[in-house]
Amino acid sequence: MAPGGVFCLLFTLLLSQPVESCIPHSIQAQVPVKIDPGYAVSQVPLGRCGRERLHLTSSDPHFTVNKDGAIVTAIVTTVTKKRSFWVWVSDGRGQTWRMEVQITPDPEQLHGYLPAPKAPWDLAHKRSKRRWSPLPFNIIEQDLPPFPKEMELVGSDSSVNYSVYYTIRGPGVTLTPKDLFSVDRNTGMLRVHYAVDREQYKQFVFEAQVFDKKTGKETDRPLDITVLVVDINDNAPTFSGPLEFHVAEQSNTGTEVGVVTATDRDQEGTLHTKIRFSLLTGNELFNIHPESGMITTRSRTLDREVQVAIPVIIEIRDMDGISSGLFSTGTATISLVDINDNPPTFRETVYKARIEENKVDVLVLRIPVDDKDEEKTKNWNAKFVITAGNVNGNFRVDTDPKTNEGLLYVVKPLDYEKGKVIMLTLSAQNEVPLVGSTGSWLSIPVELSVGDVDEGPEFVPPIKVIRVKENTVIGTVLGTYTAIDPETESSTGIKYYRVSDPGSWVSIAESTGELKVANIIDLESPLVTNAMYNITVKAVDLSSKSGVGTVTLLIEDANDNKPVIPDGVLVLCEEEGKMGSVTVHAHDVDRSPYSAPFHFQLPKDMQTKWRLGDAQNTSVVLEQAVDLPRGVQDVSIHITDLQGNGGIQVVTVRVCRCLGGECVAQRSSVSFGVWGVLAMLLALALLLLLCIFCVSACTTQGDKMYIEDSSGGMLLKSNTEAPGEEVKSANLLMVPTSGGMDTIDGSMKGAGLLQENANTSPGGLALLGQQTLTQQSMYRSSRQDFMTAQGQSSFYNSGHYGGGNYSDSLFYKQTHLSALNTWETNGLYLDQKLEHFGSESEERYADDVLRVYGYEGEGSAAGSVGCCSDLGDLDNLDFLDSLGSKFKTLAKICMDREERK
């Protein structure tokens, strides 16, 4: 190669071709500068290679070789200088040849392309030369030792002018896998140091550089070196998909079962990865496509009942199936899908059973069956059908879901007298129809013996229909409804009773079963449904067995109702300029022909104000004949039904002014009625009486009286815990035993509050039988009042004891009874108060317990005031002299007023 600024690549073959090659060592071709994909570069002559299947590959990925030997561009390629690549040809015996393909660009097209920019070191030369790219180097994967092995020689034209050395770097050198390649620094020889797997590394691209030994500077541009790893058939194909397939039994020939998939790790597009499929077993039942791996059925003899799953051994071999190719085997399991090709079969030829008459919902017989199809599927589940003998629907057949047995039930009672033996025909089927079978559903006879049982009488017929007109005269005979004893076929000794008759419309004779009308039969009654009224009758024989029958009265209508107008007020709108009208509807509860259409007519006295128009089936339009005053009008209308039965009906019509088709309310003023006026007068009268009472109370007053204050203006202490010295006796209140005080006697004695006392008062008044109310709680001062007891005695009230009064003294002056007339108005209140005291429960006197008082000094004339202290002499009234000046003054005032009265 002429000197210049480009690499000169020298190729040394690592593999030598066989002496006898079926292809030439090299071919040449001229191509365009730019080659599009699909462009045919040249043709490999394969005429001497025979008819064996050949495998052709290209060492340059830019080109590919078809099976017919055509060399075609794979990707867009630009050729600006001469380049070459290898074509490898392999036959089925494992022999391999290679052919060099040299391509050169079209000179005319090449002038249109500018030369590449020059590097700084190129500027020193007077002329530039084209730089060529070296062809890819090839190494064989998994090559055998010894190592290292020389690959190719790399040289640079700069070695003419400089003393140079070579270096390489990149994948396979300084990057993983490291130290795979090396270069002789002085000669540029590339070497490979160990075997490599193409399935791991398909190619290596590393960089070669050249340097001046003296200056250490690059003398040429770096060059990329591509090393292709040539594939060898070192990997057997493997299965890549599942080997489980399903196909229905008895499938037609050619039915697709499934596709077997496989892969090969060797180079794609070569014989090393071209796999062929074959069956080693199961060939009599299945086929497999050698290229696609599709399994199909070969015959229709597949039977799941014979073999559920069929194992098939499949072989996959590369090199398109030649004997030298690598292979693998696997077992595919083809499961047969069940179809309903076997009907259920009975274990017996006839089944027999016995059942008592009159029994219902009783299991009579269990019928087992066998089915060869897959269990617990619709093909296996049995379905039983009674095909003959069940005319009256007395039987039902179910299927036991666990055992698949037929269960024969009685659903309607059997009658021994009607049939002693019943023959049924039972068919066993499946939930889905039979397919793939020439057979049919099997049937079997079932013989049932009916047992005789003594049963009650039976009505014949069970339901008797009697036609009757409504309002039939009471006592009318409707007919006879009797029962027969099935054993004796006689009605002797049978008695009849009503079980259900909601309206009590019918009576039945106990011994004969004769039916008579007992009450008015009304078709319009709510007890009637669709003109039918049901009566339940019971028959009882001599052995007390009974039977039930039904009598249905089919009631015929009678014209016993007149047309009527429903209650309510009809509104008639009186519009401006024309008379108003309203539609009147009538109703008759009778049925046709005793009902609509109705005939409407106005009486003569109504025809001057009203007229009728547009009569329909059950309605008529009522129109004004003249202007009528607004308000409520009663209109009489004569209405008759289709048979002329009817009478006068009164309809209430409200006439009002209308605006826009609607009734307008009249303006009205509020006025009082009679009751309103009476209510106002009553309120005024009550107000007047209240005023009179207030005036009387305010104007009634007594004379002013002045009380002598003997206390000297001193504040007296009144919160002592014991009575003062003035108190001489513990007696508080003397209650007479007669008059209004009788109510106290029983109630207070029981509580221990009253004591019997037979002493005599100082004034000569006998007090035998009087009751004395004693202290039972603490003393509380209150206002002073007067009271009169039944007009017989007066009490001076100076305090309250609990909820009642106690008295410090008792005055009895027959001549002074009128002095207290001022207080007579309080008598009723006091009587009620005493009655209240007597009616209270005992708990209110719970304070009557022993009290402990502290000793407050000596010389107290009062002594103890406890409930248990000595009451002293009940007749001693000397304590009145010690009550003080205020009490005397008050007593004098009261006595003077009594004397004035």
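Since the model is a prediction, treat every value here as computed from it, not as a measurement.

Caption draft 1: A look at the overall build of the protein. When helices and strands are counted, the protein shows five helices and 58 strands. By the burial criterion, 38% of the 901 residues in the protein qualify as buried. If you take every contact in the protein between residues at least 6 apart in sequence, the share linking residues at least 24 apart comes to 65%. Total accessible area computed for the protein in this model is approximately 51400 Å², and 53% of it derives from carbon and sulfur atoms.

Caption draft 2: Region of interest: the nonpolar core. Counting 24 residues, the largest nonpolar core has Leu-478, Tyr-496, Leu-515, Val-537, Val-551, Leu-553 and Ile-555 as the members making the most contacts within it. For this core, the secondary structure elements donating two or more residues are strand S37 (463-469), strand S41 (506-508), strand S42 (514-517), strand S43 (532-540) and strand S44 (546-556). Those residues in contact with Val-537 that sit more than four places away from it in its chain are Phe-459, Tyr-481, Tyr-496, Tyr-497, Val-499, Ile-508, Gly-547, Val-548, Gly-549 and Val-551.

Caption draft 3: A look at the environment of Leu-414. Structurally, Leu-414 can be placed in the loop between strand S33 (406-410) and strand S34 (421-430). Sequence-wise, Leu-414 and Glu-356 are 58 residues apart; in three dimensions their C-alpha atoms are separated by 7.7 Å. Leaving out residues up to four positions away in the same chain, Leu-414 has contacts with Ile-355, Glu-357, Asn-358, Asn-394, Phe-395, Ile-422 and Val-450.

Caption draft 4: Quick look at the pairing of S33. Here S33 lies mainly inside the structure; five of its five residues are buried. Burial of the side chains of S33 extends over both faces: Gly-406, Leu-408 and Val-410 are buried on one face and Leu-407 and Tyr-409 on the other. As judged from the five bridges shared by strand S29 (residues 362-367) and S33, these two strands associate in the antiparallel manner. By the bridge assignment for S33, Leu-363 is matched with Tyr-409.

Caption draft 5: Quick peek at the pattern of salt bridges. Going through the model one piece at a time under the given rule, you end up with 22 salt bridges. Among the ionic pairs, Arg-191 bridges to Glu-150, the shortest N-O distance being 3.9 Å. Of the two residues, Arg-191 is situated in strand S15 (residues 189-192) and Glu-150 in strand S12 (residues 149-156); the sequence distance between them amounts to 41 residues. Judged by relative accessible area, which is 22%, Arg-191 ranks as partly exposed. As a salt-bridge pair, Arg-317 and Glu-315 come within 3.3 Å of each other at their nearest N and O atoms. An identical accessibility class is assigned to Arg-317 and Glu-315; each is buried.

Caption draft 6: Representation of the state of the cysteines within the structure. A full pass over the atoms with the stated rule returns zero disulfides. Free cysteine Cys-691: the closest other cysteine sulfur is in Cys-694, separated by 6.5 Å. Take Cys-691: its relative accessible area is 41%, and that puts it in the partly exposed class.

Caption draft 7: Summary view of the sheet that holds S29. The three strands are arranged S29-S33-S32 in an open sheet whose pairing can be described as antiparallel. The open sheet terminates on both sides in strands that have one partner only, identified here as S29 and strand S32 (395-399). Each adjacent strand pair in this sheet contributes to an overall mean axis angle of 25°, direction not counted. As judged from the five bridges shared by S32 and S33, these two strands associate in the antiparallel manner. Bridge pairing links Asp-398 to Leu-407 in S33.

Caption draft 8: Structural context of the packing of aromatic side chains. This model, assessed by the stated rule, comprises nine aromatic pairs. Between Phe-63 and Phe-85, the aromatic rings sit 4.6 Å apart at their centres with planes inclined by 10°, giving stacked as the arrangement. Pair noted here: Phe-63 is in strand S6 (residues 63-65) and Phe-85 is in strand S9 (residues 83-90), with a separation of 22 residues, a long-range link. In terms of burial, Phe-63 and Phe-85 fall into one category: buried. On the numbers, 6.5 Å between centres and 75° between planes, the contact of Phe-598 with Phe-600 is edge-to-face. For Phe-600, a relative accessible area of 10% translates into the label buried. Taken together, the ring pairs connect Phe-181, Tyr-201, Phe-204 and Phe-206 into an aromatic cluster.

Caption draft 9: Spotlight on a nonpolar patch on the surface. Among the surface-exposed residues, Trp-675, Val-677, Leu-678, Leu-681 and Leu-684 lie close enough to one another that they form a single nonpolar patch of about 570 Å² accessible area. Position of Val-677 among the secondary structure elements: in helix H2 (residues 674-699). The class for Val-677 is partly exposed, based on a relative accessible area of 40%.

Caption draft 10: Structural context of the pairing of strand S19 (residues 244-248). Residues of S19 alternate between two faces, with Phe-245 and Val-247 buried on one and Glu-244, His-246 and Ala-248 left unburied on the opposite face. Bridge count for S19 against strand S26 (residues 327-337) is five bridges, and the pairing is parallel. The residue bridging Ala-248 from the neighbouring strand is Val-337, located in S26.

Caption draft 11: Inspection of the sheet that holds strand S5 (residues 55-58) at higher detail. Pairing is mixed across the open sheet formed by four strands, whose spatial order is S2-S10-S9-S5. Edge positions in the sheet fall to strand S2 (26-31) and S5, since each has one partner strand and no second. On average, each strand axis in the sheet is tilted by 25° relative to the strand beside it, whichever way the strands run. With four bridges connecting them, S5 and S9 associate as antiparallel partners. Bridge pairing in S9 places His-55 opposite Ser-90.

Caption draft 12: Focus on a negative patch on the surface. On the surface, a cluster of negative charge is made up of Glu-417, Asp-452, Asp-454, Glu-458, Glu-487 and Glu-489. Here Glu-417 lies in the loop between S33 and S34. The partly exposed category is assigned to Glu-417, whose relative accessible area is 31%.

Scoring rules and cut-offs
The residue count restarts for each chain, going from 1 along the sequence in the order it is written. Whole-chain, interface and lining totals are the exception, using all residues; otherwise, since this is a predicted model, local features are given only for residues with pLDDT of at least 70 and side-chain atom pairs are given and counted only at 80 or more. Only hydrogens and water are removed before side-chain values are computed, so all heavy atoms of the structure are retained for them. We count a stretch as a helix when DSSP gives it H or I for four or more residues in a row; a strand needs E for two or more, and each element gets its number in order from the N terminus. Relative accessibility under 20% of the residue-type maximum defines a buried residue, over 50% an exposed one, and the middle range a partly exposed one, all with a 1.4 Å probe and only protein chains included. Whether two residues touch is decided by their heavy atoms; if any such pair falls within 4.5 Å, the residues are in contact. Areas reported here follow the Shrake-Rupley algorithm with a probe of radius 1.4 Å; residue values treat only the protein chains shown as occluding. As used here, the term nonpolar core means buried Ala, Val, Leu, Ile, Met, Phe, Trp, Tyr and Cys residues forming a set that is joined through side-chain atoms within 4.5 Å. When DSSP finds at least two bridges between two strands, those strands are taken to pair. Salt bridges, as used here, are contacts in which a Lys or Arg side-chain nitrogen is within 4 Å of a carboxyl oxygen on Asp or Glu. The criterion for a disulfide is a pair of cysteine sulfur atoms lying within 2.5 Å. Inter-axis angles, ranging from 0 to 180 degrees, are taken between N-to-C directions of lines fitted to C-alpha atoms, where helices are fitted over the stretch in contact. Working definition: rings of Phe, Tyr and Trp (its six-membered ring) pair if their centres are within 6.5 Å, and the pair is stacked with planes under 30 degrees apart, edge-to-face with planes over 60 apart, and tilted otherwise. A patch is a set of surface residues, each over 30% in relative accessible area and not in a salt bridge, joined within 9 Å for like charges and within 5 Å for the nonpolar side chains Val, Leu, Ile, Met, Phe, Trp and Tyr. His is not counted, nor are the chain ends; Lys and Arg add positive charge and Asp and Glu add negative charge. Charge coordinates come from a single atom per side chain, which is NZ of Lys, CZ of Arg, CG of Asp or CD of Glu.

Bear in mind that shape data such as this cannot, by itself, settle questions of function.
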